[in-house]
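Spelled out from the first residue to the last, the chains are:
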Amino acid sequence: MSNAFIFVLALRRESCRFARIEKLYTDMNKGMKFSEFLQETTNIKLAKLLLSMAEGCKVISHMVNNAGLLDVLGSKDVTNVQGEEVQKLDNLTNEILMDYLRASETCAGYVSEENEHLVTLNAEGVYTVAADPLDGSSNIEVAAPIGTIFSINERLSLHGSEVVEADFLQKGRNTKAAGYFIYGSSTILVLSVGQGVHGFTLNTQDNEFYLSHPTINIPVKGKTYSINQGNVEKFDDGLKNFLSHCSAVDKDSSRPYSLRYIGSMIGDIHRNLLKGGIFIYPANKGEAKGKLRLLYECIPMSFITEKAGGEATDGKHRILDLQPTGFHERSAIFIGSKNMVQTAGEFLNK
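Attention in this report is confined to the structure presented alongside it.

### Points about the overall build of the protein chain
- On a plain count of helices and strands, the protein chain comes out with nine helices and 17 strands.
- Relative to its 350 residues, the protein chain shows a buried fraction of 50%.
- In the protein chain, of all internal contacts separated by at least 6 residues, the share reaching a separation of at least 24 is 63%.
- Carbon together with sulfur atoms contributes 50% to the accessible area of the protein chain, which is approximately 16,600 Å² in total.

Spelled out as structure tokens, the structure:
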């Protein structure tokens, strides 16, 4: 068989392969566009804000996907207000979000993990945004799932004025919308505007978000728990006992449960939201609060989880009932499938 003939056969195989791939994209069952969903479910001003945020997160998604080829990896050799080392991409994503939210013209103000103080974006705006621009940024260099978390409140101060602390420091039950963008094998937006939880996947062919996960309901019972169990000696006895319960053999309750811990809040909660489970980030023994930020991590994720039928507490109190006292206040969190969160609470409060 001549080399030329072999070459022609290889080209034909490749041609058939590309034809099959092209047909997959042609036959792709696209759901409703994100813009169409917002048109049907919310008001024009909130829709403008969310569409602007989605556009900004498309840019962030592209940067994350190409991080190894861009000068965005590594540290800026500075620390943020929490004393944590700032990654280059942390800073970039924060600037991108502010730019796109400012362009929406409906976002009055913004706070984030990367900003020490609040920022007024548009004095005439209606809403405020609290965000973790890049949750799990320590995972950037190993290509683990990371994401953007946000919550949206209606401002309390007068339109036309600078935003004030009270516009942001509202209980989670006042939240108007919350969600997250996860940058993993796909880029997915998970959102609630108050009625249900829906997921939208970014189609890389036309760069549009389409409804791919309508009406997400977290299973009432889960079979996984997510926690950094390497810190077990720092935990209170009640939590240690719950972890022993999770790892004990009991066929009737499908135990032992599987330990799954990605190391980014967004990655673990996204999996548990779809498949059931509990994510735990506790306060260490002798500490009053945990590590995760109440305003822009715990509250938005708790809002999403509750709207999907789950629960979220700090071990004693419902997260959405807590009164934030500062932009960067921390909290413990137990979040996920209702039965698992309730069982954890029983162990913690014996």
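Once the structure has been displayed, the description carries forward.
### Considerations on the pattern of salt bridges
- Per the stated rule, a full pass over the model turns up twelve salt bridges.
- Arg-255 is the salt-bridge partner of Asp-250, the closest N and O atoms lying 3.6 Å from each other.
- For Arg-318, the salt bridge goes to Glu-306, with nearest N and O atoms at 2.8 Å. Pair noted here: Arg-318 is in the loop between strand E15 (311-313) and strand E16 (330-331) and Glu-306 is in helix H8 (residues 294-307), with a separation of twelve residues, a long-range link.
- Assessed through its relative accessible area of 32%, Arg-318 is described here as partly exposed.

### A few points about helix H3 (residues 44-65)
- Over its 22 residues, H3 runs 31 Å from end to end, which matches the ideal 32 Å to within 8%, given 1.5 Å per residue.
- At the N-terminal boundary of H3, the capping side chain belongs to Asn-43, with an oxygen 3.0 Å from the backbone nitrogen of Lys-45.

### A look at the nonpolar core
- Counting 40 residues, the largest nonpolar core has Phe-34, Leu-50, Val-129, Phe-150, Ile-152, Phe-181 and Leu-191 as its most contacted members.
- The greatest single-element share of this core, amounting to ten residues, is contributed by H3.
- Apart from the residues within four sequence positions on either side, Phe-181 is in contact with Met-53, Ala-54, Cys-57, Ile-146, Gly-147, Thr-148, Phe-150, Ile-188, Leu-189, Phe-209 and Ile-266.
- Grouped together as the second largest cluster of nonpolar side chains are 28 residues, Ile-188, Met-265, Met-301 and Ala-312 included.

### Some points on the packing of aromatic side chains
- Enumeration over the complete set of coordinates arrives at seven aromatic pairs.
- Ring plane angle 35° and centroid distance 5.9 Å describe the contact between Phe-150 and Phe-181, whose orientation is recorded as tilted. Of this pair, Phe-150 sits in strand E6 (residues 146-154) while Phe-181 sits in strand E7 (residues 177-183), and the two are 31 residues apart along the sequence. Here Phe-150 matches Phe-181 in class, with each residue buried.
- These aromatic residues form a ring-pair network of at least three members: Phe-34, Phe-37, Phe-150, Phe-181, Phe-200 and Phe-209.

### Quick notes on the side chain of Ser-337
- Position of Ser-337 among the secondary structure elements: in the loop between strand E17 (333-336) and helix H9 (338-348).
- By relative accessible area, which is 0% here, Ser-337 ends up buried.
- Among the polar contacts listed, one links the side chain of Ser-337 to the backbone oxygen of Pro-219, at a separation of 2.7 Å.
- Not counting the four nearest positions on each side in its chain, Ser-337 is found in contact with Ile-218, Pro-219, Val-220, Lys-221, Gly-222, Gly-276 and Gly-277.

Cut-offs and rules
- Residues numbered from 1 in each chain as written.
- Predicted model: local features only at pLDDT ≥ 70, side-chain atom pairs only at ≥ 80, totals over all residues.
- Heavy atoms only, no water.
- Helix = DSSP H or I, 4+ residues; strand = E, 2+ residues; numbered from the N terminus.
- Buried < 20%, exposed > 50% of the residue type's maximum accessible area, 1.4 Å probe, protein only.
- Contact = heavy atoms within 4.5 Å.
- Areas by Shrake-Rupley, 256 points an atom, 1.4 Å probe, with all protein chains shown as cover.
- Salt bridge = Lys/Arg side-chain N within 4 Å of Asp/Glu carboxyl O.
- Expected span 1.5 Å × (residues − 1).
- Polar contact = N/O pair within 3.5 Å; in protein donor to acceptor, adjacent residues only side chain to side chain.
- Core = buried A, V, L, I, M, F, W, Y, C linked by side-chain atoms within 4.5 Å.
- Phe/Tyr/Trp six-rings, centres within 6.5 Å; stacked < 30°, edge-to-face > 60°.

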